[in-house]
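The chain contents come next:
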Amino acid sequence: MDAKSKPTCRIVKPHHTYGGKQGLNYFEGIAAETVGSTGICMHLLTIPPGARAKAHLHEAHETAIYVLSGEAHTWYGDRLEEHVVVHAGELFYIPAGVPHLPANLSSTPCTAIIARTDPNEQESVVLLPELDALVPA
């Protein structure tokens, strides 16, 4: 988006996907890159059965997740010592700087809407490869 353009309302149709640093594919959504947002991004994510992300955190940005269908297991905490299962119709909040690793352990896809206070799609993602082995594959 041109820096000189006046901000305006926009529709985004999530047809295209991009590969996130976390190891999952996200549907293009609301972000600085697509609409010029300055304080938020929102994407659609479908985690295939058996898939999982890489352990990561978002340095200075909060994350809100609404699961539309399926369920996602998420390990979180400094050593991924905490575990929660988020089901369809539930919301999940991840504070800034909290390591986490989501996975779909079921036989059906899990689809969720993800919103972060970072307007850039991948800028604040910090991979934590030293934590990946703490969650069994």
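To start, this report covers the structure provided alongside it. (Residues numbered from 1 in each chain as written. Predicted model: local features only at pLDDT ≥ 70, side-chain atom pairs only at ≥ 80, totals over all residues. Heavy atoms only, no water.)

### With respect to the nonpolar core
Formally: Think of a nonpolar core as a cluster: buried Ala, Val, Leu, Ile, Met, Phe, Trp, Tyr and Cys residues, connected wherever their side-chain atoms sit within 4.5 Å. Exposure categories follow from relative accessible area, calculated using a 1.4 Å probe and restricted to protein chains: below 20% of the type maximum is buried, above 50% is exposed, and the middle band is partly exposed. Only DSSP runs of H or I with at least four residues qualify as helices, and only runs of E with at least two residues qualify as strands; both kinds are numbered from the N terminus onward.
Formed by 16 residues in total, the largest nonpolar core has its most connected members in L24, Y26, L45, I47, I65 and V67. Among the secondary structure elements, those contributing two or more residues to this core are β3 (41-47), β5 (63-69), β8 (91-94) and β10 (110-116). Among the elements that take part in this core, β10 stands out by supplying three residues, more than any other. L101, A103, L131 and V135 belong to the second largest nonpolar core, which has nine residues in total.

### Quick look at the packing of aromatic side chains
Going by this rule: Working definition: a ring pair exists when centres of Phe, Tyr or Trp rings (six-membered ring for Trp) sit within 6.5 Å. Plane angles under 30 degrees give stacked, over 60 give edge-to-face, the rest tilted.
In this structure the tally under the stated criterion is two aromatic pairs. Arranged with centres 5.7 Å apart and planes meeting at 20 degrees, the rings of Y18 and Y26 form a pair that is stacked. Neither residue differs from the other here; Y18 and Y26 are each classed as buried.

### Details of the sheet that holds strand β1 (residues 17-19)
Here is the rule: Each pair of strands is called paired provided DSSP finds at least two bridges between the two strands. Note on geometry: axes are lines fitted to C-alpha atoms, helical ones only across the stretch in contact, with angles between N-to-C directions running from 0 to 180 degrees.
Across the sheet, six strands lie side by side as β1-β2-β3-β10-β5-β8; this open sheet has antiparallel pairing. In the strand order of this sheet, the two ends are held by β1 and β8, each with one partner. Each adjacent strand pair in this sheet contributes to an overall mean axis angle of 30 degrees, direction not counted. Pairing of β1 with strand β2 (residues 25-30), which is carried by three bridges, proceeds in the antiparallel orientation. Counted as the bridge partner of G19 is N25 from β2.

### Describing the state of the cysteines
Keep this limit in mind: Here, two cysteine sulfur atoms that lie within 2.5 Å of each other are counted as a disulfide.
Following the criterion strictly, the structure yields zero disulfides and no others. Not engaged in a disulfide, the cysteine C41 finds its nearest cysteine sulfur in C110; these two sulfurs lie 18 Å apart.

### Section: the side chain of H73
Selection criterion: Polar contacts, as counted here, are pairs of nitrogen or oxygen atoms within 3.5 Å of one another; within protein the pair requires one atom able to donate a hydrogen and one able to accept it, and residues that are adjacent in sequence qualify only if both atoms are side-chain atoms. The contact criterion used throughout is that any non-hydrogen atoms of two residues lie within 4.5 Å.
Looking at the element boundaries, H73 is found in strand β6 (residues 71-76). Within the structure, H73 has its side chain in polar contact with the side chain of H83 (distance 2.8 Å). Apart from the residues within four sequence positions on either side, H73 is in contact with H83, V84, V85, L101, P102, A103 and L105.

### Regarding the environment of G23
By the secondary structure assignment, G23 is in the loop between β1 and β2. In the structure, G23 is positioned 17 residues away from K6 in sequence and 35 Å away in space, judged by C-alpha atoms.

### Examining the pairing of β6
The side chains of a regular strand alternate, residue by residue, between the two faces of the sheet. Sheet analysis places β6 next to strand β7 (residues 82-87), joined by six bridges and oriented antiparallel. In the strand pairing of β7, Y76 is matched with E82. Hairpin connection between β6 and β7: a loop of five residues separates the two successive antiparallel strands, and G77 in this loop has a positive phi of roughly 115 degrees.

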